[in-house]
Structure formats: structure tokens, C-alpha cells
Amino acid sequence: MVLTLLLLFLFVQALSDRKKKAASLKHQYEQEIEDLKQTQESELTLLKDRLRKEKHSSSTAVSEQVTRAEKELEDQWKLRSERMVAQAEDRARRKYSDLQDEYRSLQTQLSEANMKVHMCVRAVCVNMCYQVSCARMY
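Let us look at the structure shown here. These figures come from a predicted structure and were not determined experimentally. (Residues numbered from 1 in each chain as written. Predicted model: local features only at pLDDT ≥ 70, side-chain atom pairs only at ≥ 80, totals over all residues. Heavy atoms only, no water.)

Thoughts on the overall build of the protein chain
Secondary structure summary: the protein chain contains one helix and zero strands in total. When the backbone C-alpha atoms are referred to their principal axes, the protein chain occupies close to 195 × 20 × 10 Å. Looking at the protein chain residue by residue over its 138 residues, the buried ones come to 1%. Accessible surface for the protein chain amounts to roughly 13400 Å². Of this, 62% is attributable to carbon and sulfur atoms. (Helix = DSSP H or I, 4+ residues; strand = E, 2+ residues; numbered from the N terminus. Buried < 20%, exposed > 50% of the residue type's maximum accessible area, 1.4 Å probe, protein only. Areas by Shrake-Rupley, 256 points an atom, 1.4 Å probe, with all protein chains shown as cover.)

Rendered as C-alpha cells:
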């Protein structure tokens, strides 16, 4: 019986030591898990910050690309507009020149027609004078 009690006591003591050791290991593992969580959270925070910075720099880069593209399109539009204006001005100059030529031609024709009318009137007047003078003679 003493031996049984002694064995029981040793068994209970070994069990108690194992429980203490298990509790100690559990506490140690919990501490390690807590440390890992904190490390992971700090790394996650750092990664979020980096992502935010990258998004901002990407946003800035995209914004710069959009600005460059807008500038390029504006420059192309200006060149195209200037070309179209130059072509329209050239057509207008040619049309104006053609109209001036036509005006000069019409002025010449009018002058010639006026001269013919003047000559015809003169011829009629001369003829009438001749007839009047001939009629006086008889």
C-alpha cells in the first residue's frame, strides 16, 4: 500500500510536472503566435503603405501620361487646324484672284461696249446731221 501510494504520488507529481510543462509550452506558443501576429500586422501595414504609395505614384504616372497624351493630341489638332486654315485661305485667295480677273474682264467688256455705244450714237448723230443738212439743201 505504501508502495502504491508512493507510485500514485510519483504519478501525480509527474502528471503535475507535465501539466506545468504543457502550460509553459502553451504559454510559450501563445507568446510566439502573438509575436507572429504582431509581426504580420506590422508587415501588412508596411505593405498597405507601400501599396498606397505605389497607387499614388501610379496615379501620378497615369496622370502624367494622360497629360502628355492630351498635349500630343492638342498639338496634332493645332497642326491639322493650321493646315486646314491655310488651305481655306489659299482657296479664298485663288477665288478672290479669279473674281478679280473676272471683274477686270467684265470692266474691259463694259468699256468696249460703252465705246461701241458711243460710236454708234456718234454715227447716228452724224447720219442724222447729214440727213438734216441734205434735207436743207433740197
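Points about the pattern of salt bridges
Using the criterion set out here, one finds six salt bridges in the structure. One salt bridge connects R52 with D49, and the closest N-O pair in it is separated by 2.8 Å. Note that R52 and D49 are positioned in helix α1 (residues 2-137) at a spacing of three residues, about one turn of the helix. Here R52 falls in the exposed class, since its relative accessible area comes to 52%. Judged by relative accessible area, which is 27%, D49 ranks as partly exposed. Linking D101 and R104 is a salt bridge whose minimum nitrogen-to-oxygen distance equals 2.8 Å. With D101 and R104 both in helix α1 and three residues apart, this pair spans about one turn of that helix. (Salt bridge = Lys/Arg side-chain N within 4 Å of Asp/Glu carboxyl O.)

The analysis is restricted to geometry; functional conclusions fall outside its scope.
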